[in-house]
Amino acid sequence: MTTLSRRNLLSARWRKPASAQRPPWTIPEPAFIAGCTRCHFCIEQCETGVLIAGDGGFPAIDFHRAECTFCHRCADACELPLFELERTQPWTIQAEIQTNCLTQKGIECRSCQDACEPYAIRFAPHLSGIAKPTVDLDKCTGCGECVRGCPVDAIRITPAARPEMRDAVARNEV
């Protein structure tokens, strides 16, 4: 049985940590963890440096360091069947703007839009005079370039909502 320190208990560090974002095209998490030898060949081959050795030494994505260019180098370097390159989508994640975005505080900022190569982030006019960011979920690849560009860390890359949920959110039914 594990004992908890008071500090960890009061800061909620006793909760199970969130699953790390694995490289694109990887197999499901349990099979990935069971099969990965933590050789770090994939990390060494990453052209942007977005791959790091995460918890337990397993490869993980750190969008605060860089974006993923979907170059396949990580998959090509892996000698094990941990990647499914035949899938059309590399992963099911997307950008999400948080409430601490500078535009919510009346400050003009478009860093995320400037960084977004697939033009998934647009700014819509708002009554306050400061345009607000919106993410076109159909265009968002989950590359993470917008995360690094945000000066206040207001963008998270989260699991993509199911299409029916996205439609409901768009219609304000949720």
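Residues numbered from 1 in each chain as written. Predicted model: local features only at pLDDT ≥ 70, side-chain atom pairs only at ≥ 80, totals over all residues. Heavy atoms only, no water.

(A) Broad picture of the overall build of the protein. Across its full length, the protein carries 7 helices and 6 strands. Written out in order from the N terminus, the α and β elements of the protein read α-α-α-β-β-α-β-α-β-β-α-β-α. Scored against the burial criterion, the 174 residues of the protein give a buried share of 35%. Pairs at least 24 apart in sequence give 59% of the contacts found in the protein among residues at least 6 apart. For the protein, the exposed surface amounts to about 11100 Å²; the carbon and sulfur share of it is 53%. (Helix = DSSP H or I, 4+ residues; strand = E, 2+ residues; numbered from the N terminus. Buried < 20%, exposed > 50% of the residue type's maximum accessible area, 1.4 Å probe, protein only. Contact = heavy atoms within 4.5 Å. Areas by Shrake-Rupley, 256 points an atom, 1.4 Å probe, with all protein chains shown as cover.)

(B) Spotlight on the UniProt feature "binding site: [4Fe-4S] cluster 1" (unreviewed entry) in the protein. UniProt's entry tags Cys-36, Cys-39, Cys-42 and Cys-46 with the feature "binding site: [4Fe-4S] cluster 1" (unreviewed entry), counted in the numbering of this structure. When the annotated set is filtered for residues lining the largest cavity, what remains is Cys-46. Assignment of secondary structure puts Cys-36 in the loop between helix H2 (29-35) and helix H3 (41-45). A relative accessible area of 12% means that Cys-36 is categorised as buried. On the secondary structure map, Cys-39 appears in the loop between H2 and H3. (UniProt positions renumbered as here; feature names shortened; annotations may be inferred. 1 Å grid on protein atoms, 1.4 Å probe; cavity = no way out; pocket = protein on both sides within 12 Å on 5 of 7 lines; lining within 4 Å.)

(C) The arrangement of the layout of surface pockets in detail. A volume near 630 Å³ is recorded for the largest pocket. As for the largest pocket, its lining consists of 26 residues, and the residues nearest its centre are Ser-19, Ala-20, Gln-21, Arg-22 and Ile-93. When grouped by side-chain class, the residues that make up the lining of the largest pocket number 15 nonpolar, 6 polar and 5 charged. Summarising the domain contributions, the lining of the largest pocket has at least three residues from each of domain 1 (20-91) and domain 2 (93-161). (Points joined across faces, edges and corners; volume = space filled by probe spheres on them. Nonpolar A, V, L, I, M, F, W, Y, C, P; charged D, E, K, R; others polar. Domains from an automatic or database assignment.)

(D) Structural context of the UniProt feature "binding site: [4Fe-4S] cluster 3" (unreviewed entry) in the protein. Following the UniProt record, the feature "binding site: [4Fe-4S] cluster 3" (unreviewed entry) maps to Cys-140, Cys-143, Cys-146 and Cys-150 here. Residue contacts for Cys-146: discarding those within four places in its chain leaves Ala-95, Cys-112, Ala-115, Ile-121 and Ile-155. Mapped onto the fold, Cys-150 is located in the loop between helix H6 (145-149) and strand S6 (155-159). You can call Cys-150 buried: its relative accessible area is 15%.

(E) Main features of the side chain of Thr-103. Secondary-structure assignment places Thr-103 in the loop between strand S3 (93-97) and helix H5 (111-115). Classification of Thr-103 as buried rests on a relative accessible area of 0%. Residues within four places of Thr-103 in sequence aside, it is in contact with Cys-109, Phe-123, Ile-130, Ala-131, Lys-132 and Pro-133.

(F) Region of interest: the side chain of Lys-132. Mapping Lys-132 onto the fold places it in strand S5 (residues 132-135). Summary of buried charges: Lys-132 has no salt-bridge partner, and the nearest side chain of opposite charge, Glu-108, is 8.5 Å away. Side-chain polar atoms of Lys-132 contact the backbone oxygen of Thr-103, separated by 2.5 Å. With residues up to four places along the chain from it excluded, the contact list for Lys-132 reads Thr-103, Gln-104, Arg-122, Phe-123, Ala-124 and His-126. (Lys, Arg positive; Asp, Glu negative; His and termini not counted. Salt bridge = Lys/Arg side-chain N within 4 Å of Asp/Glu carboxyl O. Polar contact = N/O pair within 3.5 Å; in protein donor to acceptor, adjacent residues only side chain to side chain.)

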